[in-house]
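The residues making up each chain are set out below.
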Amino acid sequence: MNKLDNTLLKSLPPFLNLAPDQIRDILERAQPRRFATGDTIFAEDGTADAFFLLLDGYVRAVRITEDGEQIVLLHISSGQLFGIAKAIGRTTYPASAIATGECLVLSWPTRHWDEFIKKYPRFASETYSTVGSRMGELNNRIVEMSTLHVEQRVANAILRMVQQAGRKTEQGIEIDFPVTRQDVAEMAGTTLHTVSRLLSAWQKAEIIASRRKLIVVTAPHKLVVFSETGQFPE
DNA sequence: ACATTAATTATGT
DNA sequence: ACATAATTAATGT
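Novice: Describe in detail the packing of helix α5 (residues 150-165) against helix α7 (residues 192-204), supporting the description with residues and values.
Specialist: Across the interface, α5 lies against α7 with an axial gap of 11 Å and an inter-helix angle of 75°. The angle between the axes of α5 and α7 places the two elements in the roughly perpendicular class. Taking contact as the criterion, the partners of Glu151, Val154, Ala155 and Ile158 in α5 are, on α7, Val195, Leu198, Leu199 and Trp202. For the contact of α5 with α7, the residue count by class is seven nonpolar, no polar and one charged.

Here is the structure:
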């Protein structure tokens, strides 16, 4: 039913080295979907009736607190599996998935999960490693949140985005999806005002350059040093 | 050391 | 023109 290129899946980690008929098997059960900026792909606590593979674009995992405050848990970049509640023994999604920018996604009904795991060892090991690395990231962030100062936290938030979605330009490394100060604030656990103030300062110090919804890190090394020491190098 | 409030300006449809 | 984003200063905990 779909006109997706068969070579597309072949190059993705979970489906590496599969035979053509296996690729077809997987694609036949997949539903390709597009999402626009800000679209909710699935909602926190909703029944996990599908799991997903991000083909293009970026998605962020978001949770809402008691008093309606958003926090951004992590970003997912293309090639990654997400919405894999089954992998952590859940029947509902632990967070909401929001499209940041245009997204192209493959989704499969959850009932195929167990079979995929059995049939395709790469798919199984890939889910383990993505679950593992996300746990690791969240783990680090807990430590950061409780030990570091805001300035270091927003530095880390920016560095993480650079790491996951950095694109080299003439000026430096640019974050490949739209980010507002509010977004950064939600990642660093602070307010957009503090973020705005910090970004302005770092702009003057020629560490970053930023326009509306865009952040370019012009001196990545200095920002790394700052995130670790709380001081800019001479 | 940070958040909150509020007022002001810039930017994108 | 209108809504959304960003800056900036003042005040608060």
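Novice: Hey, could you go over the protein's contact with DNA strand C for me, with residue numbers and the actual values?
Specialist: Close to DNA strand C lie Thr180, Arg181, His193, Ser196, Ser200, Arg212 and Lys213, which account for all nearby residues. Close to the protein, within 4 Å, the atoms of DNA strand C are drawn from sugar and phosphate at a rate of 68%. Within the side chain of arginine 181, one N or O atom sits 2.6 Å away from a phosphate oxygen of DNA strand C. Between histidine 193 and DNA strand C, the recorded distance is 3.2 Å, taken from a side-chain N or O atom to a base oxygen. No other element matches the three residues that α7 contributes to the surface near DNA strand C. Taken together, the residues that form the surface near DNA strand C break down as no nonpolar, four polar and three charged.

Conventions adopted
Residues numbered from 1 in each chain as written. Chains lettered and ligands numbered in written order. Predicted model: local features only at pLDDT ≥ 70, side-chain atom pairs only at ≥ 80, totals over all residues. Heavy atoms only, no water. Axes fitted to C-alpha atoms, helices over the stretch in contact; angles between N-to-C directions. Helix = DSSP H or I, 4+ residues; strand = E, 2+ residues; numbered from the N terminus. Parallel < 35°, antiparallel > 145°, perpendicular 65-115°, else oblique. Contact = heavy atoms within 4.5 Å. Nonpolar A, V, L, I, M, F, W, Y, C, P; charged D, E, K, R; others polar. Near = heavy atom within 4 Å. Polar contact = N/O pair within 3.5 Å; in protein donor to acceptor, adjacent residues only side chain to side chain.

By themselves, these observations are geometric and do not establish any function.
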